[in-house]
Amino acid sequence: MANERWFACELHCHTVHSDGDFTVPALLEAARARYLDGIALTDHNTFSGYMEAKTSVLPVVLGGIEWTTYFGHMLVLDCARYIDWRDAKPDTIDEKMRLVHENGGLCGIAHPFQLGTPICTGGHWDYHVRDWSLVNHLEIWSEGAPYLNTPNRRAIRLWASLLDQGYRIAPTFGRDWHRTKNNPLPSACTYLRCPAPLTPAGMKHAIASGRTVVSVGPLFTFETADGKTSGDCIPAGDVQLVFRTDTTRLSDMQTENTFVPREIRLYTNGLREVLRLPVSGETQTAQITLDAARWYSSCLWGDTDGRQDTLLAVCAPLYINA
Ligand SMILES: [Zn+2]
Ligand SMILES: [Zn+2]
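Bear in mind that the values here come from a model prediction, so they are computed numbers and not experimental data.

S.K.: Got a sec to walk through the coordination of the zinc ion (ligand 1)? Specific residues and values, please.
M.R.: Each protein donor to the zinc ion (ligand 1) is listed here as Glu 66 (OE), His 73 (ND1) and His 111 (NE2); together their distances run 2.0 to 2.1 Å. Written as a sequence motif, the donor residues of the zinc ion (ligand 1) are E-x6-H-x37-H. In this structure the zinc ion (ligand 2) is found 3.4 Å away from the zinc ion (ligand 1), and Glu 66 serves as a bridging donor for the pair. On the basis of relative accessibility, which here comes to 3%, the residue His 73 falls in the buried class.

Here you go:
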C-alpha cells in the first residue's frame, strides 16, 4: 500500500494495573521519550489499564492481556471478549487459542525460554501447541540486551524450526517493560509496517500478516524490486532484493545502545545462510535465486555495546510459493 511505513513499537508493557511500576500516563510518557510510535499494553490478566490508555494518540495503544499461567505466558491482543484463561491446561491450549481467534484476537508467545519456577512461575512455555498456525507471533527476543541472552537464541531456533515446518509466525521483541529503573541493559523494539497514520488496527494487521522487524535500533528492511516485503508470499525464481539500513531512527536508543552495522545476511530453511553482503550504504541490492516452498529472512549483523559480530536486527520472512 502506498502510504505504508515502518513504525517503532513496544509490544509487551505492564503498568500498576498489574505488577509494573508505571502508571498509565508514566508508561505513555516513557514510550514518547523513546520515540516509540505504538505500544501494546499487556498487563497480566487484566485490561483495566487499557481502559485508561486507549484514547492515547502518541503512542498509539493496542489493547492486550498477558495470560499469566503456570504453563506459560501468552500475549492476547485485541480480543473482543474476555476469555477465561484459568482453566487453560497444557493439552487444551489450542482450544483456548481458537476461542481467541473466534473473538478477533491474536495470540503471541512471550519469552518462551525464560527461566520458570522458582524464578518466574509460568515464565517458561510448557503448553503443548498442536496447531502452530494458531500462533501469530513469537518473542524471539525479550528483555534487555537481547543479543546476549541465551534464552533468546533458543527462541530463534524454535521460531526457525516452525518456519521450516511451513508455519508463518511473526518475530517480535518484548521488552516486558515494567519500569524505567533497574533495567540498565540496552533495549530494542519491533518495527511494524502499517498504513500511516498509525492506528491500533494497523498494528494488529501488521502482526497478523507478518510485517515485523526486531531491532536494537536501526530500521533494517528488505524487499523485492517490486515492493514485496516481510510477510508477503512470492513465486520462486530470480529476484533483485533491496536492503535498507536506516540508522537515524530511535535516536535515544542510539545513545543508550551504540551500534555499527557491518553485514547483511540472508537465511533460509534450517537457518542456512545464503547471502552475505558487507554494509556499504543505506540502500543496497543483490540478485538471488529464491527456491520454492522456502522462507527467507534478512538479518543485520554488526557491533553494539562493545561487542563485535552481533545480531542487530531480524526481518520477518518473505515466503516462497510451493
Ligand atoms: Zn511474562
Ligand atoms: Zn510481561
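Following the structure, the description resumes.
S.K.: Lay out the sheet that holds strand β12 (residues 237-246) with the relevant residues and their values.
M.R.: Here 3 strands make up an open sheet; going across it, the order is β10-β12-β15 and the pairing antiparallel. Unpaired on one side and paired on the other, β10 (219-224) and β15 (283-290) mark the two borders of the sheet. This sheet shows a mean twist of 25° between the axes of neighbouring strands, independent of strand direction.

S.K.: Kindly report on the environment of Gly 49, identifying the contributing residues and their values.
M.R.: Structurally, Gly 49 can be placed in helix α2 (residues 48-53). Overall, Gly 49 belongs to the buried group, its relative accessible area being 0%. Linking Gly 49 and Tyr 319, residues 270 residues apart in sequence, is a C-alpha distance of 37 Å. Apart from the residues within four sequence positions on either side, Gly 49 is in contact with His 17, Val 24, Leu 41 and Asp 43.

Calculation rules
Residues numbered from 1 in each chain as written. Chains lettered and ligands numbered in written order. Predicted model: local features only at pLDDT ≥ 70, side-chain atom pairs only at ≥ 80, totals over all residues. Heavy atoms only, no water. Donors = N, O, S within 2.8 Å, 3.2 Å for Na, K, Ca; no water. Buried < 20%, exposed > 50% of the residue type's maximum accessible area, 1.4 Å probe, protein only. Pairing = 2+ DSSP bridges. Helix = DSSP H or I, 4+ residues; strand = E, 2+ residues; numbered from the N terminus. Axes fitted to C-alpha atoms, helices over the stretch in contact; angles between N-to-C directions. Contact = heavy atoms within 4.5 Å.

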